[in-house]
Amino acid sequence: MEKKNKTLGEFIIENQSEFQYSTGELSKLINAIRLAAKVVNHEVNKAGLIDILGEAGDTNVQGEDQQKLDVLANEKFIQALRKREIVCGIASEEEDDFITINSQDENHQNKYVVLIDPLDGSSNIDVNVSVGTIFSIYRRVTPVGTPVKLEDFLQPGKNQVAAGYVVYGTSTMLVYSTGHGVNGFTLNPAIGTFYLSHPNMQFPETGKIYSVNEGNYVHFLQGVKDYIKYCQEEDGDRPYTSRYIGSLVSDFHRNMIKGGIYMYPKSSVTQNGKLRLLYECNPMAFIAEQANGMAIGGKNRILDIVPTELHQRVPFFCGSKKMVEKLQEFLDKYH
Ligand code: P6P
């Protein structure tokens, strides 16, 4: 078990060899994320003060009103990643298409692509509720030395080499995995240093919390409706508690610590659900499985889905293994 209070920097160096292509590349990637997370944290924490709330006036590719902090977070993460001579392309919820990052020598020697939701749950900013950043990292599949292509981004989630999130909550945490377990680092804002506060994070095998927007209940498939009713019945350790923040990173983080299941099902209103496969579901599913949890889209494992579009949406059920398995029983009855 890792010693607590180690800094993120020390942890990265000590675990450098875990990253299968370790020529300092992991350090550069995570350090870029770390820097941007601190900058965004600073802006999020003062959002109410410098009147950067409210909408930037634009809408993103999802047709959602773009909050000014969305725009700022997107810029800061792209800026931090662009400066490292390691990333050849970036895809973001806030960008219609992927961005080609040309290395200084312009010969496309960089080997990694990063997919990011720079500020997930941003509609919560105006009401001072936690938001988060989600990131997903792959090794490119097209030849080094050529410009990055869409197929570099449309890889199944099981190909991820690293993934994680930043939760800007009562404290700011960076939680990530390179495929060797999940570790959580808490920011000491006074000195701008992340410390290892949650080594080897694991989903409890089961739990008593279910997270879903019950306002959509009437639109859910019958299997989902039946599972929600199962959660609410008096029996054994049920009824469960319903907890839904409306911020994926926060609901996921709480459920990973306490045990629980998060659900964003498809419905008669949202045919494929709401969450995006590439920069929300895949990274969170990678973290979940690394923490002995489980993530499915219905019949299929999230990490096995072969993407077809950059911003495609999928139904998403993720959390404690036994709870996801129970849900799957209900889904299998009907579908
Ligand atoms: P709804 C935020 O917009 C988000 O992508 C997730 O962070 C969150 O869990 C979900 O959507 C909330 O969606 O439809 O319940 O408001």
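Residues numbered from 1 in each chain as written. Predicted model: local features only at pLDDT ≥ 70, side-chain atom pairs only at ≥ 80, totals over all residues. Heavy atoms only, no water.

By the naming in an unreviewed UniProt entry, the chain is Fructose-1,6-bisphosphatase class 1, taken from Croceitalea marina. You can read under Subcellular location (unreviewed entry) in the UniProt record for the chain the words "Cytoplasm". Per UniProt, the chain has the following entry under Subunit (unreviewed entry): "Homotetramer." (UniProt positions renumbered as here; feature names shortened; annotations may be inferred.)

(A) Fine view of the overall build of the chain. Helix and strand counts for the chain stand at 8 helices and 15 strands. Taking all 335 residues of the chain together, the buried fraction comes to 56%. Residue pairs in contact within the chain that sit at least 24 positions apart in sequence constitute 66% of those at least 6 positions apart. Put simply, the chain shows about 13900 Å² of open surface, and 47% of that area lies on carbon and sulfur atoms. (Helix = DSSP H or I, 4+ residues; strand = E, 2+ residues; numbered from the N terminus. Buried < 20%, exposed > 50% of the residue type's maximum accessible area, 1.4 Å probe, protein only. Contact = heavy atoms within 4.5 Å. Areas by Shrake-Rupley, 256 points an atom, 1.4 Å probe, with all protein chains shown as cover.)

(B) Structural view of the environment of Arg82. Mapped onto the fold, Arg82 is located in helix α3 (residues 68-82). Arg82 sits in the partly exposed class, given a relative accessible area of 42%. Leaving out residues up to four positions away in the same chain, Arg82 has contacts with Ile99 and Ile101.

(C) A look at the UniProt feature "binding site: Mg(2+) 1" (unreviewed entry) in the chain. UniProt records the feature "binding site: Mg(2+) 1" (unreviewed entry) for Glu93, Asp117 and Leu119 in the present numbering. Considering the C-alpha atoms alone, the annotated residues occupy 27 residues of sequence yet fold into one spot, their largest mutual distance being 8.9 Å. Along the polypeptide, Glu93 turns up in the loop between β3 (87-92) and β4 (99-100). Judged by its relative accessible area of 0%, Asp117 is buried.

(D) Molecular detail of unusual backbone geometry. Residue Pro239 is bonded to the preceding Arg238 through a cis peptide linkage, with omega at 10°. Positive phi, normally seen in glycine, also occurs at Asn292, with a value near 60°. Inspection of the secondary structure assignment puts Asn292 in the loop between α7 (277-290) and β14 (293-296). By relative accessible area, which is 40% here, Asn292 ends up partly exposed.

(E) Inspection of the pattern of salt bridges at higher detail. One pass over the structure, following the stated rule, counts 12 salt bridges. One salt bridge in this structure joins Glu233 and Arg238, with 3.1 Å as the shortest N-O distance. Judged by its relative accessible area of 42%, Glu233 is partly exposed. Residue Arg301 pairs with Asp304 through a salt bridge whose shortest N-O separation is 2.8 Å. You can call Arg301 partly exposed: its relative accessible area is 31%. Here Asp304 falls in the partly exposed class, since its relative accessible area comes to 35%. (Salt bridge = Lys/Arg side-chain N within 4 Å of Asp/Glu carboxyl O.)

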